[in-house]
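# Inside the fold
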Amino acid sequence: MSGHALLEIRGLRARVGETEILKGLDLTVRAGEVHAIMGPNGSGKSTLAGVLAGRDAYQVTAGTVTLDGQDLLGLPPETRAARGVFLGFQYPVEIPGVGNLYFLRTALNALRAGRGEEPLDAIDFLALAKEKMKLVELDPAFGSRSLNEGFSGGEKKRNEVFQMAVLEPRLAILDEIDSGLDIDALRVVSRGVEAVRGPARAIVLVTHYQRLLDHVVPDVVHVMAGGRIVRTGGRELARELEQTGYAWAGERGATIPGEVRP
Amino acid sequence: MTTAQQLKELTEQRYRYGFVTDVEADAVPPGLSEEIIRLISRKKGEPEFMLAWRLRAYHHWLGLEAPTWAHLRIAPIDYQSIVYYSAPRSKKPLGSLEEVDPEVKRAFEKLGIPLEEQLRLAGVAVDAVFDSVSVATTYKERLAEKGIVFCSFSEAVREHPALVEEHLGSVVPATDNFFAALNSAVFSDGSFVYVPRGVRCPMELSTYFRINAKDTGQFERTLIVADEGAQVSYLEGCTAPMRDENQLHAAVVELVARDGAQIKYSTVQNWYPGDAEGRGGIYNFVTKRGTAHRGAKISWTQVETGSAITWKYPSVILLGDDSVGEFHSVALTNHLQQADTGTKMIHVGKNTRSTIVSKGISAGRGQNAYRGLVKIAKGAAGARNHSQCDSLLIGDRCGAHTFPTIEVRNPTATVEHEATTSKISEDQLFYCRQRGISEEDAVSMIVNGFARQVLKELPMEFAVEAQKLLGLSLEGSVG
């Protein structure tokens, strides 16, 4: 069922300024899989997401990251995007005066250009956008509004998932896509994520809570603590965490029974 | 990140209109004197009233000092080293397309302004001004059918002297200010528009200004008169070669909107801005003003991306009751460019309304100032103004400044002023890049979004051009 190793992280260390946040992280994500990365605040989950997408603020000091066997760390963010990396932001930015759909079409055509494909014309793009907006129950009026400007928290998250559905990334990293969502919004976002799920793609859900995982059932669950993955298991691990909390993860080297993948 | 090498290439490439056309010129010797003014007037075959008007302006100018109140650093200008008149030489009088020097025609083609009507954008008539003279005006006959006069200023002086004499200097007097007085003394050409009562001009009118000759100043004058109930939309564009010396462009634009008339005046200003080290570029010192009579509307829209220095304040005198004035501006300064620009809205009539939207963008070491005056006269009961001044900073070596002045002498008036300053954030850039959009394109997109409120006021054909121009002008501003 599982495909080849799409994303491979080995011994990744990264810091912000003088503070080391990722301290030798290993992770393999195969095509077709959905992984959940859970863990307490400050464990390095969002840093991992930012490092994978190429955010400047993080400095990688050791380790390797490959996508389809090719180095990712040496590439600027836009090239990573063209290779199929998508980051769903925890806090999507607002850009006044730039239309939501205009932005997305520019992005899609930039990605296509990066892959040597022809740009999608306005009519084909609109048809595609309409279909995907329906998927996340985003009102068509959002298309012409300024990017994320004045959107509610839930609308911003739906917009992220909408963008993901249009851009069809190979590796989608969704950073706390569930935070601040009510149960209806959570259901809609989950449906969007499920729609992107497919044998050629992989999804990494960075989340604090297990409730998202009731809707998007992960193949693998990891627990991060102190800048490393300290435990890996199936989806039952998420439930267990819901019961026990993360207190244990604070202790370095704590051993909890569970399957550890290479 | 953009490397130093890429940055260098981009800044050197960014001005696409910097070429020089090799054309034989008929120029007067450098320097300014009564003799030179008489010579210019003679070359243009002007009636006596024009020469007298020029000389009055000149003698007034001699007693004036260049203004120093703007937030600008201006190197001293030697007015005796400037050539005040330069025209491409031609055997026959200019005006008909067949007479235009092929080199000049080619220059305009290179600028995307083909002078052959069949090649032009449908629905846009053009007056092409090359250095000191208008070389061609398109669609004149079609406009004449409606009684609309659209021609070079020189031709208007010859063919419609009464109209010119009535309105010349009626909005911007020859003695108005240092640069307006200089222009009045030596102006060589420009465009003239007259739209008769009740006529709605069926196409966009535009003038394209091109400076070509070295050491030459361009002093053009535009006069637009919209008679009662008439409507006209006018656009001007401008470019110049890349040179290490500064060149002076001191223009005057006068608009007269009679009762119920509407004039929409748009500018896309792309004079050579100088290089990345601030060498060369045009000094753009312009006086623009309109008088709006009862129920009339004057709307200024400007996109200012070029020039080493921009000093201009397109204004409206809201003379008649219920008249409306608008000012929509985007001014962009990159590298060492400086701009001090804004507007004056002078409310005289009752229930007059004005709107000011100013978007200043500063990048590199650019300095950008908004300077505005909203004046409500005693009799302007019920007058309203809304001003919005937004500044966007790119990088940390540029500056944005706002100098609004509000004078209210009528207690029933409403005046509102809003101002914001923002920066393009790292988060915005990263978000765009994560979606696959390069940093340069992201900056251009964010800037265009910032300016959208103004850009949408431009005639459609030019809005796209202006958008591209904003992107081009910013190249080399990030990294």
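This text follows the structure it describes.
Residues numbered from 1 in each chain as written. Chains lettered and ligands numbered in written order. Predicted model: local features only at pLDDT ≥ 70, side-chain atom pairs only at ≥ 80, totals over all residues. Heavy atoms only, no water.

Time to look at the overall build of chain A. Looking only at helices and strands, chain A has 8 helices and 12 strands in total. Relative to the 2.2 N^0.38 estimate, which gives 18 Å for 262 residues, the radius of gyration of chain A is 18 Å and therefore close to what a compact globule would have. Each of the three principal axes of chain A carries a C-alpha extent, and together these read 55 × 40 × 40 Å. By the burial criterion, 52% of the 262 residues in chain A qualify as buried. For chain A, long-range pairs separated by at least 24 residues make up 69% of all intrachain contacts whose partners lie at least 6 apart in sequence. Element-wise, carbon and sulfur atoms account for 51% of the exposed surface of chain A, whose accessible area totals about 11200 Å². Across chain A, the mean location of the 31 positive side-chain charges is 1 Å away from that of the 34 negative side-chain charges. (Helix = DSSP H or I, 4+ residues; strand = E, 2+ residues; numbered from the N terminus. Rg over C-alpha atoms; globule rule 2.2 N^0.38 Å. Buried < 20%, exposed > 50% of the residue type's maximum accessible area, 1.4 Å probe, protein only. Contact = heavy atoms within 4.5 Å. Areas by Shrake-Rupley, 256 points an atom, 1.4 Å probe, with all protein chains shown as cover. Lys, Arg positive; Asp, Glu negative; His and termini not counted. Charge placed at Lys NZ, Arg CZ, Asp CG, Glu CD.)

A separate point is the sheet that holds strand β4 (residues 59-67) of chain A. Pairing between the strands of a sheet comes from backbone hydrogen bonds, and it takes one of two forms, parallel or antiparallel. Residue and element names in this part refer to chain A. With respect to topology, 4 strands assemble into an open sheet ordered β2-β1-β4-β5, the strand pairing being antiparallel. Where the open sheet ends on each side, the last strands, each with one partner, are β2 (19-30) and β5 (70-71). As judged from the 9 bridges shared by strand β1 (residues 5-16) and β2, these two strands associate in the antiparallel manner. What sits directly across from A14, in β2, is L22. (Pairing = 2+ DSSP bridges.)

This part is about the interface of chain B and chain A. A common way to express how large an interface is: the accessible area buried when the components associate. Contacts between chain B and chain A engage 18 residues on the former and 32 residues on the latter. Surface buried jointly by chain B and chain A totals about 2100 Å² across both partners, of which 62% is contributed by carbon and sulfur atoms. The largest share of the area that chain B buries against chain A comes from F430(B), Y431(B) and R435(B), three residues that together contribute 36% of it. Our enumeration of links across chain B and chain A arrives at 3 salt bridges. In this structure, D427(B) and R55(A) form a salt bridge, with 3.1 Å as the shortest nitrogen-oxygen distance. Summed over the shared surface of chain B and chain A, the number is 11 residue pairs in polar contact (both at pLDDT 80 or more). Secondary-structure elements contributing two or more residues to the side of chain B that touches chain A are α9 (426-434) and α10 (439-455) of chain B. The biggest single contributor to the side of chain B that touches chain A is α9(B), with 7 residues. Residue classes in the side of chain B that touches chain A are distributed as 8 nonpolar, 5 polar and 5 charged. (Buried area = accessible area lost by both parts, 1.4 Å probe. Salt bridge = Lys/Arg side-chain N within 4 Å of Asp/Glu carboxyl O. Polar contact = N/O pair within 3.5 Å; in protein donor to acceptor, adjacent residues only side chain to side chain. Nonpolar A, V, L, I, M, F, W, Y, C, P; charged D, E, K, R; others polar.)

Let us look at helix α5 (residues 153-167) of chain A. Residue and element names in this part refer to chain A. Its 15 residues give α5 an end-to-end C-alpha distance of 21 Å, which sits within 8% of 21 Å, the value for a rise of 1.5 Å per residue. The element α5 is extensively covered by neighbouring structure, given that 14 of its 15 residues are classed as buried. Positive phi appears at E168, one or two residues downstream of α5, with a value of about 45°. (Expected span 1.5 Å × (residues − 1).)

On to the packing of aromatic side chains. Residue and element names in this part refer to chain B. In total, this model carries 22 aromatic pairs over all chains according to the counting rule given. Each ring, one from F179 and one from F285, has its centre 4.6 Å from the other, and the planes form 45°; the classification is tilted. With F179 in helix α8 (residues 178-186) and F285 in strand β13 (residues 281-292), this pair connects stretches of sequence that are 106 residues apart. We classify F179 as buried; its relative accessible area is 4%. Clustering of aromatic rings is evident, with ring pairs tying together Y58, W61, W69, Y79, F178, F179, Y283, F285, W311 and Y313. Across from the ring centre of F187, 4.4 Å away, lies the NZ or CZ of R54, which sits over that ring. Taking NZ or CZ as reference, R371 lies 4.6 Å from the ring centre of F403, over its face. (Phe/Tyr/Trp six-rings, centres within 6.5 Å; stacked < 30°, edge-to-face > 60°. Lys NZ or Arg CZ within 6 Å of the ring centre and 35° of its normal.)

The next thing to look at is the side chain of N410(B). All names here are of chain B. Along the polypeptide, N410 turns up in the loop between β22 (399-408) and β23 (414-423). A distance of 2.6 Å separates a polar side-chain atom of N410 from the backbone oxygen of K378. Within the local environment of N410, its side chain forms a polar contact with the side chain of T412, the two groups lying 2.6 Å apart. Excluding residues within four positions of it along the chain, N410 makes contact with I376, A377, K378, G379, A380 and A381.

For the rest of this paragraph, the subject is the nonpolar core. One recurring pattern in soluble globular proteins is that nonpolar side chains are buried together. Among the nonpolar cores identified, the biggest contains 108 residues, and I9(A), L25(A), L48(A), F162(A), I173(A), L205(A) and V447(B) are the most heavily contacted of them. No other element matches the 9 residues that α10(B) contributes to this core. When sequence neighbours within four positions are dropped, the list of residues in contact with L48(A) reads I9(A), L12(A), L22(A), L25(A), I37(A) and M224(A). Core analysis: the next-biggest nonpolar cluster, separate from the first, contains 52 residues, L32(B), I40(B), F178(B) and L248(B) among them. (Core = buried A, V, L, I, M, F, W, Y, C linked by side-chain atoms within 4.5 Å.)

Moving on, we come to helix α3 (residues 100-114) of chain A. Residue and element names in this part refer to chain A. With 15 residues, α3 should reach 21 Å at 1.5 Å per residue; the first-to-last C-alpha distance of 21 Å fits that figure. Inspection of α3 places N100, L101, F103, L104, A107, L108, N109, L111 and R112 among the buried residues, and these make up the whole buried set. Note on α3: the residue one or two positions beyond its end, G116, has a positive phi of about 75°.

Turning our eyes to something else, we now look at the sheet that holds strand β3 (residues 34-38) of chain A. Residues and elements named next belong to chain A. Strand order in this open sheet of 6 strands is β6-β9-β10-β3-β11-β12, and the pairing throughout is mixed. Looking at the sheet topology across the chains shown, the edges are occupied by β6 (85-88) and β12 (228-233). Mean inter-strand twist for the sheet, computed between neighbouring axes without regard to direction, equals 20°. Of the strand pairs in this sheet, strand β11 (residues 220-225) and β12 are connected by 5 bridges, and their pairing is antiparallel. Bridging across to β12, A225 finds its partner in R228. Docked against the sheet, helix α1 (residues 45-53) engages β3, β6, β9 (171-175), β10 (202-206) and β11, running at close to 145° with respect to β9. Against the sheet, α5 touches β6 and β9, its axis set at about 165° to β6. (Axes fitted to C-alpha atoms, helices over the stretch in contact; angles between N-to-C directions.)

Residue and element names in this part refer to chain A. A positive phi is found at N148, a non-glycine position, where the angle reads about 60°. Mapped onto the fold, N148 is located in the loop between β8 (146-147) and α5. Here E168, not a glycine, exhibits a phi torsion of approximately 45°, which is positive.

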